[in-house]
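Coordinate analysis (summary)
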2 protein chains.
Amino acid sequence: MAISERKKKILAAVVEEYIRTAEPVGSKAIARRGELSCSPATIRNELAELVSLGYLEQPHTSAGRVPTPMGYRMYVNELMEKQKMSLEETEELNRRLNQKLQQLDDTIRDVSRLASQLTDYPALALTTQIAVTVKRFDLIYVDANNFIIVLMLSNNSVKSKLVHLPVSVDQELVKRLAALFNAGFTGMEDEKITPALIHATERAADDSLGLTAVISAFVLETLGEVKTPTAFLSGENRLLNQPEFRDPDKAHRLMSYLSGGGRILPASEALGGSDEVKVLIGPENVAEELKDSSVVIASFDAGDHTRCLIGVVGPTRMDYSAVAAKLSFLAAGLSRRLGGGEAPPEGMHNKLIIKEIDDGHERR
Amino acid sequence: MAISERKKKILAAVVEEYIRTAEPVGSKAIARRGELSCSPATIRNELAELVSLGYLEQPHTSAGRVPTPMGYRMYVNELMEKQKMSLEETEELNRRLNQKLQQLDDTIRDVSRLASQLTDYPALALTTQIAVTVKRFDLIYVDANNFIIVLMLSNNSVKSKLVHLPVSVDQELVKRLAALFNAGFTGMEDEKITPALIHATERAADDSLGLTAVISAFVLETLGEVKTPTAFLSGENRLLNQPEFRDPDKAHRLMSYLSGGGRILPASEALGGSDEVKVLIGPENVAEELKDSSVVIASFDAGDHTRCLIGVVGPTRMDYSAVAAKLSFLAAGLSRRLGGGEAPPEGMHNKLIIKEIDDGHERR
DNA sequence: TGTTGGCACTCTCTTGTTCCGAGTGCTAAT
DNA sequence: ATTAGCACTCGGAACAAGAGAGTGCCAACA
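Residues numbered from 1 in each chain as written. Chains lettered and ligands numbered in written order. Predicted model: local features only at pLDDT ≥ 70, side-chain atom pairs only at ≥ 80, totals over all residues. Heavy atoms only, no water.

1. Re the domain arrangement of chain A
Residues and elements named next belong to chain A. Assigned domains of chain A: these are domain 1 (5-79), domain 2 (87-122 + 235-339) and domain 3 (134-227). Between domain 1 and domain 2, the residue contacts involve seven residues of the former and twelve residues of the latter. Taken together, both faces of the contact between domain 1 and domain 2 bury some 880 Å²; the carbon and sulfur share is 71%. Remark: the boundary between domain 1 and domain 2 carries one salt bridge. Between glutamate 284 and arginine 73 there is a salt bridge; the shortest N-O distance is 2.5 Å. At the level of secondary structure, the elements contributing two or more residues to the side of domain 1 that touches domain 2 comprise helix H1 (5-21) and helix H4 (69-79). (Domains from an automatic or database assignment. Contact = heavy atoms within 4.5 Å. Buried area = accessible area lost by both parts, 1.4 Å probe. Salt bridge = Lys/Arg side-chain N within 4 Å of Asp/Glu carboxyl O. Helix = DSSP H or I, 4+ residues; strand = E, 2+ residues; numbered from the N terminus.)

Printed below as a string of structure tokens:
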């Protein structure tokens, strides 16, 4: 199914022109670009063939041509020249990436926002933690009615909560519980934390107040929460920039699909995938609502069993080249910063940031 | 400027009918409602007067009448009968409120989502912490290169973070630091934490590793973060349900204004206000972008120096009555759960409160 | 005096028609 | 194989006519 070199050039021209103008592109327009040295008539012939091959279609008999999903696919796979971001863009992005980097869960929202700003399409960011366990327990005795639970998780994040009790506890019990939990619960995935285990702990601690239950509930909840994929959507409104979404109903449909966030997950087969940028064009999407939109997805490793995904949604007439380049860069940057090494990106790093904040007195 | 009883009835009828249908309402339509026992002709006369009084206007000579902002204002202030939510709605809402209640900062997003779902307009939720201090410090020594900072804040929330160090620390230093911070930093507002204080602490602790700096940076950052008003926007897309936003440009303008979240803050004069529901109609809004939309705002106390605000945005032709009722109820529910008492609403407490609300009835 | 029915008038919205231009497909010439 | 020319097609803009909804006003009525 090889097609001639010239057809490829023409196809690429159609795609690019259509991306630019959002209007069906005619033979003349292509000829005018000057890349091909032949007349509109010749191009017409080629166009006709491209149509019958399925790469293009015409909205009606006397209109220009528009790429089909297959045409876009061909373009993305073979024709598109991978864009690089300009130096300024690169720097700008790096600057912004450096600014906010603490723990992933805080960042994820910024990431989606960033991706959306960058590309001017709505963007979705999500993370999945494949497996988490508690690495360490601490219970801090505050006073007779309050204590703090501190969990350090296997991904080096720390979660904590104040527990308020209507009854008094003594410091001894709290200590005992901490020890027991450290002994019995560390390194366990949440499925392994059974009612039986909890019960055993309760007895061992001689806990008549139900603290064990409270604590283990928090543990389960926390592990569950961390493991639950979280999704953030930003810039939905940018959809309205696109002429194909000038129909409010269409826009609304897609937007409400998107704001139901996680449901892009069908596409998260990509989660396990490589670090490449994936493009899903129109009907290639599994979700019905996306059948005539396209999605560009970058996924990367964010350290300790965490997979992170950034997706950008737009019309099939999307600037694949630019978007892919930007996402790819973004993913690479985040991956470098978050993933890889064992050490969380803290410590020294912080110091630098500290200075910034101290001097600049300007937050935000 | 008193207007006759009948005029009021007619005005109310126009507003309600217009809210329902989104179409200019004519004399016949009002007559057909049957509330007034007079002919369309009479109503026409009254309508004409209401127009010249400024409560109504007509899009063009031979169209029905549409309320002006002044008309809406009159309606909201005097005519509107405060709706009550139906029993089912009340129950449903209570159920959902009970489901998720941990700390406010986690909830705030859910609150905006809830408000939006409830009203079918975009909703914005934001919190401001007037003043926060640290109530208690803990440093947990993990190993030579890691320790955990745990802050308990004056609003009873707990924040924690793992600090990773490229150098070794001994347990003694960590203990010393915890004691020093507890002595020197508790109860301080963030402005009071000066570089001088930090420096003094550093010397007192004999800390050559810069831990003091790291810790105090975290403190400042945390306090700053908590104090920074956070806003959450949900359901922007619901705007597209409204016929007045079928123009994508108009919709887009408003949506991007909204997604810049905090900028509703001009309206947050309301933050200090009472617990009443406020309605800002069209030009009453300060923000240029809202000049032809309306905002319904409920604000309430969420405990310890925290003021929380829920706002709903829609066209001026908004179902004020229903929205106000719902927001008011929502605010009351949250206020009861979060605010008031000294004790944080956690642990056992939740359960008790729940019962109370379930059995007892709503207070308007 | 306030209310009512009637009627001419105004203005928008819809539908149908026409016209224009962009772009095609085909054919014949190079 | 490429090109120029030409008739043809089709959508969209522009325009005209008709329908419908609603008004304003006047004259009659309680």
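2. Describing the packing of aromatic side chains
Residue and element names in this part refer to chain A. Summed over the entire model, instances satisfying the criterion amount to eight aromatic pairs over all chains. Taken together, a centroid distance of 5.2 Å and an interplanar angle of 45 degrees make the contact between phenylalanine 137 and phenylalanine 181 tilted. Residue phenylalanine 137 is located in strand S4 (residues 134-143), and its partner phenylalanine 181 is located in helix H7 (residues 171-185); the two are separated by 44 residues in the primary sequence. As far as the burial class goes, phenylalanine 137 and phenylalanine 181 line up, both buried. Ring centres of phenylalanine 181 and phenylalanine 185 lie 4.5 Å apart, and the angle between their planes is 45 degrees; this geometry places the pair in the tilted category. Of the two residues, phenylalanine 181 and phenylalanine 185 both sit in helix H7, four residues apart, roughly one turn of that helix. Residue phenylalanine 181 is classed as buried on the basis of its relative accessible area of 1%. An aromatic cluster of three or more residues is present, and its members are Phe137, Phe181 and Phe185. It is lysine 250 that lies over the ring of phenylalanine 245; its NZ or CZ is 5.3 Å from the centre. (Phe/Tyr/Trp six-rings, centres within 6.5 Å; stacked < 30°, edge-to-face > 60°. Buried < 20%, exposed > 50% of the residue type's maximum accessible area, 1.4 Å probe, protein only. Lys NZ or Arg CZ within 6 Å of the ring centre and 35° of its normal.)

3. Quick word on the nonpolar core
Within the largest apolar cluster, 55 residues are counted, with the highest numbers of intra-cluster contacts made by B:Tyr320, B:Leu327 and B:Leu330. Top contributing element to this core by residue count: helix H11 (residues 320-338) of chain B, with nine residues. Lining this core are residues from two domains, each supplying at least three of them: domain 1 (5-79) and domain 2 (87-122 + 235-339) of chain B. In this view, B:Leu330 contacts B:Leu93, B:Leu97, B:Val111, B:Leu114, B:Ala115 and B:Ile310; residues no more than four positions away in its chain are not counted. Within the second largest apolar cluster, 54 residues are counted, among which are A:Ala13, A:Ile30, A:Val279 and A:Ala298. (Core = buried A, V, L, I, M, F, W, Y, C linked by side-chain atoms within 4.5 Å.)

4. Notes on the sheet that holds strand S5 (residues 146-153) of chain B
Residue and element names in this part refer to chain B. The strand order S4-S5-S6 describes an open sheet built from three strands, whose pairing is antiparallel. What marks the edges here is a single partner per strand, and that holds for strand S4 (134-143) and strand S6 (158-164). Here the strands of the sheet are splayed against their neighbours by 15 degrees on average, with no regard to which way each runs. Alignment of S5 against S6, held across seven bridges, turns out to be antiparallel. What sits directly across from asparagine 146, in S6, is histidine 164. Each of S4, S5 and S6 touches helix H9 (residues 211-227); the most contacted strand, S5, lies at about 35 degrees to it. (Pairing = 2+ DSSP bridges. Axes fitted to C-alpha atoms, helices over the stretch in contact; angles between N-to-C directions.)

5. Some thoughts on the interface of chain A and chain B
Contact residues are listed per partner, giving 45 residues for chain A and 49 residues for chain B. Around 4100 Å² of area is buried between chain A and chain B when both sides are counted, 59% of it from carbon and sulfur atoms. Ionic pairing is found between B:Arg246 and A:Asp249, a salt bridge with its closest N-O pair at 3.2 Å. Across the contact surface, chain A and chain B share eleven residue pairs in polar contact (both at pLDDT 80 or more). Contributing elements (two or more residues each) for the side of chain A that touches chain B: S4, strand S5 (146-153), strand S6 (158-164), helix H9 (211-227), helix H10 (248-259) and helix H12 (348-360) of chain A. (Polar contact = N/O pair within 3.5 Å; in protein donor to acceptor, adjacent residues only side chain to side chain.)

6. Some thoughts on the sheet that holds strand S8 (residues 277-281) of chain A
All names here are of chain A. Pairing in this open sheet of five strands is antiparallel, and the strands run S7-S3-S10-S9-S8 from one edge to the other. Unpaired on one side and paired on the other, strand S7 (230-234) and S8 mark the two borders of the sheet. Between one strand axis and the next, the sheet turns by 15 degrees as a mean value, whatever way the strands run. Bridge count between S8 and strand S9 (residues 293-301): five bridges; the pairing is antiparallel.

7. Some thoughts on the protein's contact with DNA strand D
Lining the immediate surroundings of DNA strand D are 20 residues, of which A:Arg6, A:Thr42, A:Thr61, A:Ser62 and B:Ser27 lie closest. Atoms of DNA strand D within 4 Å of the protein: sugar and phosphate make up 78%, bases the balance. Where the surface near DNA strand D is concerned, the elements lending two or more residues are helix H3 (40-53) of chain A together with helix H3 (40-53) of chain B. Broken down by element, the residue count for the surface near DNA strand D peaks at four residues, all from H3(A). (Near = heavy atom within 4 Å.)

8. Section: the packing of H7(A) against helix H8 (residues 195-205) of chain A
Residues and elements named next belong to chain A. Axis separation between H7 and H8 bottoms out at 10 Å; the angle between their running directions is 145 degrees. Judged by the sense of rotation from one axis to the other, the crossing of H7 with H8 is right-handed. On H8, the residues that touch Leu173, Arg176, Leu177, Leu180, Phe181, Gly184 and Phe185 of H7 are Leu197, Ile198, Thr201, Ala204 and Ala205. Classifying every residue of the contact of H7 with H8 by side-chain character gives nine nonpolar, two polar and one charged. (Left-handed = near helix turned anticlockwise from the far one by under 90°. Nonpolar A, V, L, I, M, F, W, Y, C, P; charged D, E, K, R; others polar.)

9. A closer look at the relation of the copies chain A and chain B
Turning chain A through 180 degrees and shifting it by 0.1 Å along the axis lays it on chain B, with an RMSD of 0.2 Å. Taken together, the turn and the small shift mark the pair as related by a two-fold rotation axis. (Least-squares fit on C-alpha atoms with pLDDT ≥ 70 in both.)

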